[in-house]
Amino acid sequence: MSTINNQYHIYSELADLARPLGNAHRLILLEHIAQGEKSVEKLAELADLTVANTSQHLQQLKRNGYVQTRREGKHVFYRLADAPVVELLMALRQFAEFNHSEIRKLVKGTLHHQQDVEAISREELLVRMQENSVTLLDVRPEEEFEQGHLPGAINIPLGELEVRLSELPKEQEIVAYCRGPYCSLSITAVNALKEKGLSARRLNDGVPEWKAAGFKVDAL
């Protein structure tokens, strides 16, 4: 086989692997699975799809090595495969935002429609964590927090924040995070905290991005 034919075969395989990612629903499902293992039914609820449609998308992702499964009774649970799936999603987001002004506009309009929310860099947060001078607030649902969270983080799901404000220290800055760069839960939380007179910023990273950067994640 010639070198050109070899190259064509390699890139043909790459094209086949990339094809399942050319679907918005599958990308959304991967983002949710990146937060932790979930059942088909839960993923259907999160992605606002029927269970049958969700299952079809997940089978496509499984056939191409993006996810793995396990069965528990009548339920099938999906988790990310042992491959750099998160890194691939991060690279896709970065490429899209770099090259497409329309996506940048959509991101800004979707995530910052309430008001501009100041973000803290990963580097600064690491220093503040070592100094114990910051409180990390995870505003995702409890089941996602239990499967993995930033070290020392407090879990208060966004819907419970108003009634659980007393659990947060008033003397420290609070850094809220959620599912990643396209998740608005932490923005809503920061705005709510500021309205109560607390000092708060947002971390753009979610747990998958934090892990992909090589940092420790705790689980319950």
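We now turn to the structure provided with this report. In this text, all values refer to a predicted model and were calculated from it rather than measured experimentally. (Residues numbered from 1 in each chain as written. Predicted model: local features only at pLDDT ≥ 70, side-chain atom pairs only at ≥ 80, totals over all residues. Heavy atoms only, no water.)

## A closer look at the overall build of the protein chain
Right, on to step 1. A count of helices and strands for the protein chain gives 10 helices and 8 strands.
Right, on to step 2. In terms of its C-alpha atoms, the protein chain occupies a principal-axis envelope of roughly 70 × 45 × 30 Å.
Right, on to step 3. For the protein chain, restricting intrachain contacts to residue pairs at least 6 apart in sequence, the fraction spanning at least 24 positions comes to 62%.
Right, on to step 4. Mean positive and mean negative side-chain charge positions of the protein chain (26 and 31 charges, respectively) differ by 4 Å. (Helix = DSSP H or I, 4+ residues; strand = E, 2+ residues; numbered from the N terminus. Contact = heavy atoms within 4.5 Å. Lys, Arg positive; Asp, Glu negative; His and termini not counted. Charge placed at Lys NZ, Arg CZ, Asp CG, Glu CD.)

## Some remarks on the packing of aromatic side chains
Right, on to step 1. Applying the stated criterion to the full structure yields 1 aromatic pair.
Right, on to step 2. Aromatic pair Trp210 and Phe215: ring centres 4.9 Å apart, planes at 40°, arrangement tilted.
Right, on to step 3. Above the face of the Phe77 ring, Arg70 is positioned so that its terminal group lies 4.6 Å from the ring centre. (Phe/Tyr/Trp six-rings, centres within 6.5 Å; stacked < 30°, edge-to-face > 60°. Lys NZ or Arg CZ within 6 Å of the ring centre and 35° of its normal.)

## A look at the pairing of strand E8 (residues 200-203)
Right, on to step 1. Because side chains alternate across E8, one face comprises the buried residues Ala200 and Arg202, and the other comprises Arg201 and Leu203, equally buried.
Right, on to step 2. As judged from the 2 bridges shared by strand E4 (residues 119-120) and E8, these two strands associate in the parallel manner. Directly across from Ile120, in E8, lies its bridge partner Leu203.
Right, on to step 3. Two elements, strand E7 (residues 173-177) and E8, share 3 bridges in a ladder whose sense is parallel. (Buried < 20%, exposed > 50% of the residue type's maximum accessible area, 1.4 Å probe, protein only. Pairing = 2+ DSSP bridges.)

## What to know about the sheet that holds E7
Right, on to step 1. Pairing is parallel across the open sheet formed by 5 strands, whose spatial order is E4-E8-E7-E5-E6. Of all the strands in the sheet, the pair left with one neighbour each is E4 and strand E6 (154-155).
Right, on to step 2. Along the sheet face, helix H7 (residues 122-131) touches E4, strand E5 (134-138), E7 and E8 and points at about 120° away from the line of E5.
Right, on to step 3. Its contacts with the sheet put helix H9 (residues 185-195) on E5, E7 and E8, and the angle it makes with E8 is roughly 170°. (Axes fitted to C-alpha atoms, helices over the stretch in contact; angles between N-to-C directions.)

## Here's the deal with the pattern of salt bridges
Once their charged atoms are close, side chains differing in charge can pair, the charge on each being opposite to the other.
Right, on to step 1. Overall, the coordinates contain 19 salt bridges when judged by the stated rule.
Right, on to step 2. Salt-bridge contacts for Glu118 lead to Arg201; the nearest nitrogen and oxygen are separated by 3.7 Å. In this pair, Glu118 is assigned in the loop between helix H6 (101-111) and E4 and Arg201 in strand E8, connecting sequence segments 83 residues apart.
Right, on to step 3. The exposure class of Glu118 is partly exposed, given its relative accessible area of 48%.
Right, on to step 4. For the salt bridge of Arg128 with Glu173, the shortest nitrogen-to-oxygen distance reads 2.9 Å. (Salt bridge = Lys/Arg side-chain N within 4 Å of Asp/Glu carboxyl O.)

## A closer look at the sheet that holds strand E3 (residues 75-80)
Right, on to step 1. The antiparallel open sheet is built from 3 strands, whose spatial order is E1-E3-E2. Edge positions in the sheet fall to strand E1 (38-39) and strand E2 (67-72), since each of these pairs with one other strand and no more.
Right, on to step 2. When E1 meets E3, the two strands line up antiparallel, connected through 2 bridges. The residue of E3 that forms the bridge with Ser39 is Phe77.
Right, on to step 3. Contacts between helix H2 (residues 24-33) and the sheet are confined to E1, E2 and E3, with E3 contributing the most and set at about 85° to the helix.

## Structural notes on the packing of H2 against helix H5 (residues 85-99)
Right, on to step 1. At a minimum axis distance of 11 Å, the contact between H2 and H5 shows a crossing angle of 130°. Classified by the angle their axes make, H2 and H5 are oblique. Considering how the two elements wind past one another, H2 and H5 form a crossing that is left-handed. Across the interface between the two elements, Leu27, Leu30 and Glu31 from H2 touch Val85, Leu89, Leu92 and Arg93 from H5. (Parallel < 35°, antiparallel > 145°, perpendicular 65-115°, else oblique. Left-handed = near helix turned anticlockwise from the far one by under 90°.)

## Focus on the side chain of His149
Right, on to step 1. Relative to the helices and strands, His149 resides in the loop between helix H8 (142-147) and E6.
Right, on to step 2. A polar contact of 2.8 Å, which involves the side chain of His149, links it to the backbone oxygen of Phe145.
Right, on to step 3. Setting aside residues no more than four positions away along its own chain, His149 makes contact with Asp138, Arg140, Tyr177, Val207, Val217, Asp218, Ala219 and Leu220. (Polar contact = N/O pair within 3.5 Å; in protein donor to acceptor, adjacent residues only side chain to side chain.)

Remember, this is a structural readout, not a statement about activity or role.
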